[in-house]
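Remarks on the overall topology
The residues making up each chain are set out below.
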Amino acid sequence: MTIHVIKHPLIQHKIGLMRAADISTKDFRELANELGNLLTYEATQDLELEDAEIEGWNNSPINVQRLKGKKITIVPILRAGLGMMDGVLQLIPSAKVSVVGLYRDEETLEPVPYYEKFAGNIDERMALVIDPMLATGGSMVATLDMLKKHGCKEIRILVLVAAPEGVKRVLKAHPDVTIYAAAQDERLNEHGYILPGLGDAGDKIFGTK
Ligand SMILES: O=P(O)(O)OC[C@H]1O[C@H](OP(=O)(O)OP(=O)(O)O)[C@H](O)[C@@H]1O
Ligand SMILES: O=c1cc[nH]c(=O)[nH]1
Ligand SMILES: [Mg+2]
């Protein structure tokens, strides 16, 4: 479908903070989760509601609205996707989690799969795929291929920073998905890193460099 770059001031402020060269692991982690939370709020704006009657505080029935049983699975792409997961789960605490393990080969930039474990009845669930970085798009396309192979029909993608090259590749391979991003940056460098970008998000979240 399309990409929505969310211009909300809190989102723009927080993604700006994440770009600082000297950001600590603690701050990077906290901001990744906060942005995961805010992007979830945006990406779930159109979830269906239903009317319900409950007993109110003074023992009389009142009419309320509640989510219409939409089943959701959150799909973090290992490792870096885990860095957004707590923020997403704060808003959708009963969501099932499906995990996809992929790393990008540094030479070819192609995704190398090493793990997958999907929630039950995934064909009945809306998938929210989370990964801070959408660079060449290889990891995301591989994840969407896996989800669709398991019958998943409705997929939304939450990323912190997207490169135009990756957005184009994902929407070409999977035109039915919607991408929600805090930023769409300028381009990829010769090593497949996003410019200006965030650097290596996995390393920053896990403190491995
Ligand atoms: O769009 P692509 O070109 O595929 O690149 C994006 C992928 O690269 C990063 O993961 P990485 O492979 O570094 O693994 P990690 O999360 O374990 O650090 C990032 O978190 C994405 O999953
Ligand atoms: O810019 C990039 C590209 C891929 N993976 C990252 O962590 N950062
Ligand atoms: Mg990854």
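- Identification of the protein as Uracil phosphoribosyltransferase from Aliidiomarina shirensis is taken from an unreviewed UniProt entry.
- Quoted verbatim from the Pathway (unreviewed entry) heading of the UniProt record, the comment on the protein is "Pyrimidine metabolism; UMP biosynthesis via salvage pathway; UMP from uracil: step 1/1."

**Quick notes on the overall build of the protein**
- A count of helical and extended segments in the protein gives six helices and 13 strands.
- Over its C-alpha atoms the protein spans a radius of gyration of 18 Å, differing by no more than 12% from the 17 Å that the globule rule assigns to 209 residues.
- The buried share of the protein, taken over its 209 residues, is 48%.
- For the protein, the share of sequence-separated contacts (at least 6 apart) that also reach a separation of at least 24 residues comes to 64%.
- In the form shown here, the protein has an accessible surface area of approximately 11,000 Å², with 52% of it arising from carbon and sulfur atoms.
- Of note, the protein has its 24 positive side-chain charges centred 2 Å away from the centre of its 29 negative side-chain charges.

**What about the site of ligand 1?**
- Ligand 1 sits among 14 residues. The nearest are Arg104, Asp131, Thr136, Gly137 and Ser139.
- One nitrogen or oxygen atom from the side chain of threonine 136 is found 2.5 Å from an oxygen atom belonging to ligand 1.
- A distance of 2.6 Å is found between an oxygen atom of ligand 1 and a side-chain nitrogen or oxygen belonging to serine 139.
- Taken by itself ligand 1 offers 500 Å² of open surface, and the protein chains cover 90% of this.
- For ligand 1, the cavity whose grid points lie within 2 Å of the majority of its atoms is the largest pocket.
- Of all the elements in the fold, those that place two or more residues in the shell around ligand 1 are strand E6 (99-104), strand E9 (133-134) and helix H4 (138-149).
- Looking at the shell around ligand 1 residue by residue, the class counts come to six nonpolar, five polar and three charged.

**Quick word on the nonpolar core**
- Ranked by internal contacts, the top residues of the largest apolar core, which has 37 residues, are Ile15, Met18, Leu158, Leu160 and Leu198.
- Looking at this core, the elements with two or more residues in it are helix H1 (9-18), helix H2 (25-43), strand E4 (72-78), helix H3 (82-91), strand E8 (126-130), strand E10 (154-162), strand E11 (178-184) and helix H6 (201-206).
- If you tally residues by element for this core, the top one is H2, at six residues.
- Leucine 160 has contacts with Ile15, Met18, Ala32, Leu35, Leu39, Met84, Asp131, Pro132, Ala181, Ala182, Ala183 and Leu198, leaving out every residue within four places of it along the chain.

Rules of the game
Residues numbered from 1 in each chain as written. Chains lettered and ligands numbered in written order. Predicted model: local features only at pLDDT ≥ 70, side-chain atom pairs only at ≥ 80, totals over all residues. Heavy atoms only, no water. UniProt positions renumbered as here; feature names shortened; annotations may be inferred. Helix = DSSP H or I, 4+ residues; strand = E, 2+ residues; numbered from the N terminus. Rg over C-alpha atoms; globule rule 2.2 N^0.38 Å. Buried < 20%, exposed > 50% of the residue type's maximum accessible area, 1.4 Å probe, protein only. Contact = heavy atoms within 4.5 Å. Areas by Shrake-Rupley, 256 points an atom, 1.4 Å probe, with all protein chains shown as cover. Lys, Arg positive; Asp, Glu negative; His and termini not counted. Charge placed at Lys NZ, Arg CZ, Asp CG, Glu CD. Near = heavy atom within 4 Å. Polar contact = N/O pair within 3.5 Å; in protein donor to acceptor, adjacent residues only side chain to side chain. 1 Å grid on protein atoms, 1.4 Å probe; cavity = no way out; pocket = protein on both sides within 12 Å on 5 of 7 lines; lining within 4 Å. Sits in = over half its atoms within 2 Å of the grid points. Nonpolar A, V, L, I, M, F, W, Y, C, P; charged D, E, K, R; others polar. Core = buried A, V, L, I, M, F, W, Y, C linked by side-chain atoms within 4.5 Å.

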